[in-house]
Amino acid sequence: MLNKRQKKVLFCVVNEYIKNRKPVSSSKVLENTNIEYSSATVRNDLKKLEYLKYVHPVHTSSGRVPSDKGYRFYVESVMSLMEKVDISKNVESFPEYPQLNVDQIITRTATLLSRTLSVATIITKPRMDTLKIRAIRLHKTSEDYITVVLLTDTGMVDAQTFFEKITEDSLAKIEKFLNTTLVGRNIEEIKERLKDPESQKPWKGTSVESMFDILKSLIEQSSLETYVVRGLENLISDELIDQENLRKLVLITETPDRFYKFLSEYGCFEEAKIFIGSEHPQRDMNPFASFLIPYKVSNETIGQIIVLSSKTVDYQKIIALTRYIGNRLTEFFTFLSRLGNIQK
């Protein structure tokens, strides 16, 4: 059991090591805290922290560096302080909604996180293939643009905005026809139907044919790339990450089967989770910290955000921004779900 002073010493050791990546001595602790004790007392505290495996010595230095157990203490301390942090000021700019393009939103979000935090970011997309269509909504978002929204039986959505000149009256008729024809089928069935030229013969040269083409494009795109990876180059330049471990991680992200097996090993997570070094259930992840948060519609998880970094990172900033981005993605997909539910 650590007393208040020892907790402060441990917090300082981890914080200083994250900032400078150099072993932390007792004199450095006294220099950077308001602990009013002698250097000998702090040295004794460091020995106790070492005995309890919160820190360990570096043979080339008199200082200590944190263990995974020390990082865990630090993360828990940071999270307990974060209720008072205004995170909305710490993110540059979250992508706005006007074009309602799911792929672009997720890709830009992954890029934003990786650039802002200098980390690797993976975001899984809502998987649509086996879901049944509950509704198709066509919205005239401007004079020349139409947004097509697919709403599934679980509340998951996909949407894109297309250039298409069409009257409101024609749009309403096409929407009614599409719902009568396609609602209740799963996306795989619809893909097969849209491939059949015979089924589209009656609509050749009409606005319905054009809308079939748009639906086909939307559905095909929803089945292709199921996750986005950005920022792996940020890990390559980190001297504390073993390059062989990093090579294995890169190989995992390149293959969907390997990636989803890797993701499943984290276990089910309905709320934010953090793994540090040896806490990871996967092999070869000791140099890394993982930050995971789901995004949802109607309390159902439809995708995940995974941020990967070295263990010497600004935990407070990463936790704050991944939570913020998770909330914004939940807000975005909830917005799309409600848009899909609008009755005309």
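Heads up: these notes are all about the structure in this document. Remember, predicted model here, so these are calculated numbers, not experimental data. (Residues numbered from 1 in each chain as written. Predicted model: local features only at pLDDT ≥ 70, side-chain atom pairs only at ≥ 80, totals over all residues. Heavy atoms only, no water.)

1. A look at the side chain of Thr-322
Within the fold, Thr-322 resides in helix H13 (residues 315-341). Of the residues examined, Thr-322 reaches a relative accessible area of 6% and is grouped as buried. Within the structure, the side chain of Thr-322 is placed 2.7 Å from the backbone oxygen of Ile-318, a separation counted as a polar contact. Other than its neighbours up to four places away in sequence, Thr-322 contacts Leu-113, Ile-293, Ile-305 and Val-307. (Helix = DSSP H or I, 4+ residues; strand = E, 2+ residues; numbered from the N terminus. Buried < 20%, exposed > 50% of the residue type's maximum accessible area, 1.4 Å probe, protein only. Polar contact = N/O pair within 3.5 Å; in protein donor to acceptor, adjacent residues only side chain to side chain. Contact = heavy atoms within 4.5 Å.)

2. Some details on the sheet that holds strand S7 (residues 227-230)
Pairing between the strands of a sheet is mediated by backbone hydrogen bonds and can be parallel or antiparallel. Taken together, five strands build an open sheet; the order of strands is S7-S3-S10-S9-S8 and the sheet is antiparallel. Strand pairing shows two members of the sheet lacking a second neighbour, S7 and strand S8 (273-276), which therefore form its edges. Direction aside, the axes of adjacent strands within the sheet are offset by 15° on average. Here strand S3 (residues 120-124) runs beside S7; their pairing, made up of four bridges, is antiparallel. In the strand pairing of S7, Ile-122 is matched with Val-229. Taken strand by strand, helix H5 (residues 102-117) contacts S3, S7, strand S9 (288-297) and strand S10 (300-310), and its axis lies near 30° from that of S7. (Pairing = 2+ DSSP bridges. Axes fitted to C-alpha atoms, helices over the stretch in contact; angles between N-to-C directions.)

3. Some words on the pattern of salt bridges
Under the defined criterion, the tally for this structure stands at 16 salt bridges. For Arg-21, the salt bridge identified is with Asp-238, shortest N-O distance 2.8 Å. Placement of Arg-21 in the loop between helix H1 (4-20) and helix H2 (26-32) and of Asp-238 in the loop between helix H10 (232-236) and helix H11 (243-254) is noted, with a sequence separation of 217 residues between them. A salt bridge links Arg-328 to Glu-331; the nearest nitrogen and oxygen atoms lie 3.5 Å apart. Separated by three residues within a single helix, Arg-328 and Glu-331 lie in helix H13, roughly one turn from each other. When salt bridges with common partners are traced through the structure, they connect Arg-21, Asp-238 and Glu-239 into a single cluster. (Salt bridge = Lys/Arg side-chain N within 4 Å of Asp/Glu carboxyl O.)

4. Here we look at the pairing of S10
The buried fraction of S10 amounts to nine of the eleven residues, a majority that puts the element mostly inside the structure. In this antiparallel pair of consecutive strands, S9 and S10, the connection spans two residues, and Ser-298 shows a positive phi of 50°.

5. Some remarks on the layout of surface pockets
The computed volume of the largest pocket comes to approximately 340 Å³. Surrounding the largest pocket, 14 residues form its lining, Ile-252, Phe-262, Glu-265, Gln-282 and Arg-283 being those nearest its centre. Put simply, the parts of the chain that give the lining of the largest pocket at least two residues each are H11 and helix H12 (256-264). Counting residues per element, the lining of the largest pocket draws most heavily on H11, at five residues. In the lining of the largest pocket, the residues fall into six nonpolar, two polar and six charged. (1 Å grid on protein atoms, 1.4 Å probe; cavity = no way out; pocket = protein on both sides within 12 Å on 5 of 7 lines; lining within 4 Å. Points joined across faces, edges and corners; volume = space filled by probe spheres on them. Nonpolar A, V, L, I, M, F, W, Y, C, P; charged D, E, K, R; others polar.)

6. A few points about helix H3 (residues 39-51)
The terminal C-alpha atoms of H3 lie 18 Å apart, and with 13 residues this matches the ideal 18 Å at 1.5 Å per residue to within 8%. Regarding H3, the residues found buried are Val-42, Asp-45, Leu-46 and Leu-49. Looking straight down H3, one finds its buried side chains confined to an arc of 100°; they lie on one side. Exposed positions of H3 whose direction lies more than 90 degrees from the buried face are Lys-47 and Tyr-51. Each element contacted by the buried residues of H3 is listed here: H1, H2, strand S1 (55-57) and strand S2 (64-66). (Expected span 1.5 Å × (residues − 1). Arc of directions from axis to C-beta.)

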